[in-house]
Amino acid sequence: MSLSRDDLRSFLVELIRVAETRLPVDVYESLRRAYEVEDNPIAKQHLGAILKNSELAAKLGKPICQDTGTPVFYVEMGADFPLRAEFYEVAREAVREATKIVPLRPNAVDPFRKKNTGDNTGRFVPWFEVELVPGNDLKVTFVAKGGGSEAPSTLRMGLPIRGVRNVWETLLQAIVEAGPKPCPPVVVGIGVAALSDQAMALAKRAALLRPIGERNPDPEIARLEEEMLKAVNELGIGVHGFGGKVTALDLHIEYAHRHPATYAVAIATNCWALRRATGYITSDGRWEITSKHITG
């Protein structure tokens, strides 16, 4: 048995459906913990509504949020995967199909002509980040990146002489200015690198892909994550901006070695509806969703 385009499309459609309708277990459990510790009555009420919304979405198979996001595929493609050249077009077909059957809100708009394509595909949409790896299988994480949480994204080219102060200042300024706009409680990703696009890509990966509660393997960076998470929550912005103890569910840092003359710092946030799903498909057509999600 060999892998067909239909096999690949079916796998990707299911990956999209799961991500859009069933919150990952790590995200759901972090929201439950936030509900337990929150003592602001309005914030607690909103957290209760968020939890109920997530449970109903999973039970009914409906999108978690009315904004079903911009489709993003993070891909580890085996060097011998049989449909390498066809993957991009099959993924676009899967997005079009998922838009109809999940359904998804059409979110792909031409920025100059103001025309919506109606199927969540368009110029550079969906977005792909592909890494070539040994083997003949394909591993994919699909993310639905919401517009509200994307809007406050921040990039700052800091002064190298200021070192980690660049990170602290960029982070706190970005979160304060964002306020309730990204629908907190958020997950914050911080990227530090030589190049501006590199820093933002790392920030997105940190915010979207690393499980909540998982610290950076570098003990020094892990400690900095905890200190910065504490500082963000002490701002008191709280759930949807109503105040309280929990503004961020977690904060992750990822970095690359920088150029001596640059210190790029990027801040990316995702709202509480962190919609991601991961799975793999083999060269003989077998596939599985490997990420864990609530069932309602």
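Every value quoted in this text rests on a predicted model; they were computed, and no experiment measured them.

The rules behind each value
- Residues numbered from 1 in each chain as written.
- Predicted model: local features only at pLDDT ≥ 70, side-chain atom pairs only at ≥ 80, totals over all residues.
- Heavy atoms only, no water.
- Pairing = 2+ DSSP bridges.
- Helix = DSSP H or I, 4+ residues; strand = E, 2+ residues; numbered from the N terminus.
- Axes fitted to C-alpha atoms, helices over the stretch in contact; angles between N-to-C directions.
- Contact = heavy atoms within 4.5 Å.
- Core = buried A, V, L, I, M, F, W, Y, C linked by side-chain atoms within 4.5 Å.
- Buried < 20%, exposed > 50% of the residue type's maximum accessible area, 1.4 Å probe, protein only.
- Domains from an automatic or database assignment.
- Buried area = accessible area lost by both parts, 1.4 Å probe.
- Polar contact = N/O pair within 3.5 Å; in protein donor to acceptor, adjacent residues only side chain to side chain.
- Salt bridge = Lys/Arg side-chain N within 4 Å of Asp/Glu carboxyl O.
- Expected span 1.5 Å × (residues − 1).
- Parallel < 35°, antiparallel > 145°, perpendicular 65-115°, else oblique.
- Left-handed = near helix turned anticlockwise from the far one by under 90°.
- Nonpolar A, V, L, I, M, F, W, Y, C, P; charged D, E, K, R; others polar.

Caption draft 1: Here's a closer look at the sheet that holds strand S8 (residues 275-281). With mixed pairing, the 5 strands of this open sheet are ordered in space as S2-S1-S3-S8-S9. Every interior strand has two partners, whereas the edge strands, strand S2 (127-133) and strand S9 (287-289), have only one. Adjacent strand axes in the sheet meet at a mean angle of 15° when their direction is disregarded. Sheet analysis places strand S3 (residues 138-145) next to S8, joined by 7 bridges and oriented antiparallel. Across the sheet, residue Val140 finds its bridge partner in S8, namely Gly279. Set on the sheet, helix H1 (residues 5-21) makes contact with strand S1 (70-78), S3, S8 and S9; between it and S8 the angle comes to about 155°.

Caption draft 2: Main features of the nonpolar core. Counting 30 residues, the largest nonpolar core has Leu8, Leu12, Phe73, Phe87, Leu138 and Val140 as its most contacted members. Only H1, S1, helix H4 (87-101), S3 and S8 provide two or more residues apiece to this core. It is H1 that provides the largest number of residues to this core, a total of 8 residues. Apart from the residues within four sequence positions on either side, Phe73 is in contact with Leu12, Ile16, Ala91, Val95, Pro126, Trp127, Phe128, Glu129, Val140, Thr141 and Phe142. Membership of the second largest hydrophobic core comes to 22 residues, among which are Leu23, Leu31, Leu51 and Val246.

Caption draft 3: Summary view of the domain arrangement of the chain. Domain parsing of the chain yields domain 1 (5-22 + 63-146 + 274-289) and domain 2 (148-270). For domain 1 and domain 2, the distance between their C-alpha centres works out to 26 Å. Opposite the 9 residues of domain 1 that make contact, domain 2 presents 15 residues. In total, domain 1 and domain 2 occlude about 980 Å² of area from one another, counting both sides; carbon and sulfur atoms represent 53% of this. Interface area lost by domain 1 to domain 2 is led by Tyr74, Lys145 and Leu274, which between them contribute 56%.

Caption draft 4: Spotlight on the side chain of Thr247. Among the secondary structure elements, Thr247 is positioned in the loop between helix H8 (219-233) and strand S6 (248-255). Within the structure, Thr247 has its side chain in polar contact with the backbone nitrogen of Gly238 (distance 2.8 Å). Leaving out residues up to four positions away in the same chain, Thr247 has contacts with Pro184, Pro185, Val186, Val232, Asn233, Gly236, Ile237 and Gly238.

Caption draft 5: Broad picture of the pattern of salt bridges. Following the criterion strictly, the structure yields 24 salt bridges and no others. When the shortest N-O distance is used, the salt bridge between Asp119 and Arg96 registers 3.4 Å. Taken as a pair, Asp119 in the loop between H4 and S2 and Arg96 in helix H4 lie far apart in primary sequence, 23 residues in all. We note a salt bridge from Asp284 to Arg286, for which the minimum N-O separation is 3.2 Å. Note on Asp284: relative accessible area 26%, which makes it partly exposed. Within this structure, Arg5, Asp6, Arg9, Glu86, Glu93 and Glu97 form a network of salt bridges that share partners.

Caption draft 6: Local environment of H1. Relative to the 24 Å expected for 17 residues at 1.5 Å per residue, H1 spans 24 Å between its end C-alpha atoms, a close match to the ideal helical length. Turning to H1, its buried residues number three or more, namely Asp7, Leu8, Phe11, Leu12, Val13, Leu15, Ile16, Val18, Ala19, Glu20 and Thr21.

Caption draft 7: Layout of the sheet that holds strand S4 (residues 154-157). Read across the sheet, 4 strands follow the order S4-S7-S5-S6 without closing on themselves; strand pairing throughout is mixed. A single partner strand is all that each edge strand has here, and the edge strands are S4 and S6. Within this sheet the neighbouring strands show an average axis-to-axis angle of 15°, counted without direction. In this structure, S4 lies alongside strand S7 (residues 264-270), joined through 4 bridges in antiparallel fashion. Note that in S7 the partner of Leu155 across the bridge is Ala266. Packed on one face of the sheet, helix H6 (residues 165-178) meets S4, strand S5 (186-193), S6 and S7 and runs near 35° to S7.

Caption draft 8: Up close: the environment of Arg113. As for its placement among the helices and strands, Arg113 is situated in the loop between H4 and S2. When the C-alpha atoms of Arg113 and Ser10 are compared, they prove to be 33 Å apart, with 103 residues separating the residues in sequence. Here the side chain of Arg113 touches Asp110 through a polar contact of 2.9 Å, side chain to side chain.

Caption draft 9: Layout of the environment of Gly236. Secondary-structure assignment places Gly236 in the loop between H8 and S6. With relative accessibility at 30%, the residue Gly236 sits in the partly exposed group. When near neighbours in sequence (up to four residues on either side) are disregarded, Gly236 contacts Gly243, Gly244 and Thr247.

Caption draft 10: Just the packing of H1 against H4, in detail. Where H1 contacts H4, the two axes come as close as 8 Å, and the packing angle between them is 50°. Comparing their axes, H4 and H1 come out oblique. Classified by chirality, the crossing of H4 by H1 is right-handed. Contact residues: Arg5, Leu8, Arg9, Leu12, Val13 and Ile16 in H1; Phe87, Glu89, Val90, Ala91, Glu93, Ala94, Val95, Glu97, Ala98 and Ile101 in H4. Its residues assigned to classes, the contact of H1 with H4 comprises 11 nonpolar, no polar and 5 charged.

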